[in-house]
Structures are given as C-alpha cells and as structure tokens.
Amino acid sequence: MSDCLFCKISAKKIPAKLVYEDNEVVAFDDINPQAPVHVLIVPKKHISTSLDITDEDNALIGRLFRAAGKIAEERGVAQRGFRLLMNTNAEAGQSVYHIHLHLLGGRQMHWPPG
Ligand code: AMP
Ligand code: ZN
C-alpha cells in the first residue's frame, strides 16, 4: 500500500534500523522502545490486521515467528525470556495498520499487560 509506513520501511523508502531481512520478512528496532530489546517483525506483504490473515499467509506467519526466534537468540534474550505480541485494532492500541510482531525483552515482563 502506497501510504503505509511499514510498506515504505520494507521497501527502503523510509529508513529504519534493520536487524533482519529475508525475501518475505523485515525486522527493525522500534522507534519508541518499551524494553531494552524492542524489535518489530513485519511481513513485506501488506496485511492490515491479524483479522486479515488468510490461509494463503500461513507459511508467512510461521516465518515471522522463526525470524523472531533468531533475533531473540542474536540479542541474547532467547533463554532469559521475551514476549511476542501483535496488537489488533483500537482497544489493543494498534497504531500502524500493517501487521507486526513486537519482540520485547531484556527486562522482566509483567502480567497482565497494561
Ligand atoms: P502498534 O501500536 O502495535 O501498531 O505498534 C506500532 C509500533 O511502531 C509502535 O511501537 C511505534 O513506536 C512503532 N513505530 C512507529 N513509527 C516507526 C518508525 N518510523 N520506525 C520504527 N518504529 C516505528
Ligand atoms: Zn503496509
């Protein structure tokens, strides 16, 4: 989508601190980190919300989680523990309508989340 922030970042039209890339996935540091490690893992394909994922995307969603695991290992939080989450729609606080997994780590996480 031409006016989508994360489409622009994955197309390198807007800079970001990339930490991972393959044919279908890109990951970059969150601009407003909520933990020592806060990375966004994003499919290059535009999908607006988790509700818009279809069977066609099953393998792609798996790749998001595989990329997240690799990044967690690289950042040294895999064994300590980390959180993966995807906000969906307004009450969850979704602000960018192109799906992304948040990878949060490097500090104690709390439950329930705010
Ligand atoms: P959400 O609120 O779940 O949709 O998450 C959107 C995330 O994108 C927030 O954590 C923002 O800090 C982050 N964000 C917004 N703009 C940028 C950007 N240009 N580069 C990196 N992260 C961004
Ligand atoms: Zn997009």
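For the structure, check the block above.
Report on the accompanying structure. (Residues numbered from 1 in each chain as written. Chains lettered and ligands numbered in written order. Predicted model: local features only at pLDDT ≥ 70, side-chain atom pairs only at ≥ 80, totals over all residues. Heavy atoms only, no water.)

**What about the environment of I99?**
For step 1, the next point in the chain: Here I99 lies in the loop between β4 (82-85) and β5 (101-105).
For step 2, the next point in the chain: In this structure, the C-alpha to C-alpha distance between I99 and G76, residues 23 residues apart in sequence, is 25 Å.
For step 3, the next point in the chain: Beyond its immediate chain neighbours, meaning those up to four positions away, I99 contacts I41, V42, P43, I47, S48, T49, S50, I53, I61, L64 and M86. (Helix = DSSP H or I, 4+ residues; strand = E, 2+ residues; numbered from the N terminus. Contact = heavy atoms within 4.5 Å.)

**Let's talk about the coordination of the zinc ion (ligand 2)**
For step 1, the next point in the chain: The coordination sphere of the zinc ion (ligand 2), as far as protein atoms go, consists of C4 (SG), C7 (SG), H46 (ND1) and H98 (ND1), spread over 2.0 to 2.3 Å.
For step 2, the next point in the chain: The site at the zinc ion (ligand 2) holds 4 donor atoms, and with the angles between them running 104 to 116 degrees, its shape is tetrahedral.
For step 3, the next point in the chain: Counting residues between consecutive donors of the zinc ion (ligand 2) along the chain gives the motif C-x2-C-x38-H-x51-H. Taken together, the residues C4 in the segment before α1 (5-10) and H46 in the loop between β3 (37-43) and α2 (58-74) connect sequence positions 42 residues apart. (Donors = N, O, S within 2.8 Å, 3.2 Å for Na, K, Ca; no water. Tetrahedral: all angles 85-135°; square planar, octahedral: opposite > 155°, others 65-115°.)

**Overview of the site of ligand 1**
For step 1, the next point in the chain: Near ligand 1 there are 16 residues, and of these D30, N87, G93, S95 and H102 occur at the shortest range.
For step 2, the next point in the chain: In the environment of ligand 1, a nitrogen atom lies 3.2 Å from a nitrogen or oxygen atom belonging to the backbone of I31.
For step 3, the next point in the chain: One nitrogen or oxygen atom from the side chain of H100 is found 2.9 Å from an oxygen atom belonging to ligand 1.
For step 4, the next point in the chain: Relative to its free-state accessible area of 500 Å², ligand 1 is covered by the protein chains to the extent of 83%.
For step 5, the next point in the chain: Top contributing element to the shell around ligand 1 by residue count: α1, with 3 residues.
For step 6, the next point in the chain: Looking at the shell around ligand 1, its residues break down into 7 nonpolar, 7 polar and 2 charged. (Near = heavy atom within 4 Å. Polar contact = N/O pair within 3.5 Å; in protein donor to acceptor, adjacent residues only side chain to side chain. Areas by Shrake-Rupley, 256 points an atom, 1.4 Å probe, with all protein chains shown as cover. Nonpolar A, V, L, I, M, F, W, Y, C, P; charged D, E, K, R; others polar.)

**Quick word on the nonpolar core**
For step 1, the next point in the chain: If you look at the biggest cluster of nonpolar residues, it comprises 19 residues, and the most contacted ones within it are V25, V39, I41, L64 and I71.
For step 2, the next point in the chain: Broken down by secondary-structure element, the contributors of at least two residues to this core are β2 (25-29), β3, α2 and β5.
For step 3, the next point in the chain: Element by element, the count of residues in this core is highest for α2, at 7 residues.
For step 4, the next point in the chain: Non-local contacts of V39, meaning those with residues more than four positions away in its chain, are made with V19, A27, F28, D29, D30, I71, R75, L101, H102 and L103.
For step 5, the next point in the chain: In terms of nonpolar packing, the next biggest core, distinct from the first, is built from 9 residues, C7, I9, V42 and V96 among them. (Core = buried A, V, L, I, M, F, W, Y, C linked by side-chain atoms within 4.5 Å. Buried < 20%, exposed > 50% of the residue type's maximum accessible area, 1.4 Å probe, protein only.)

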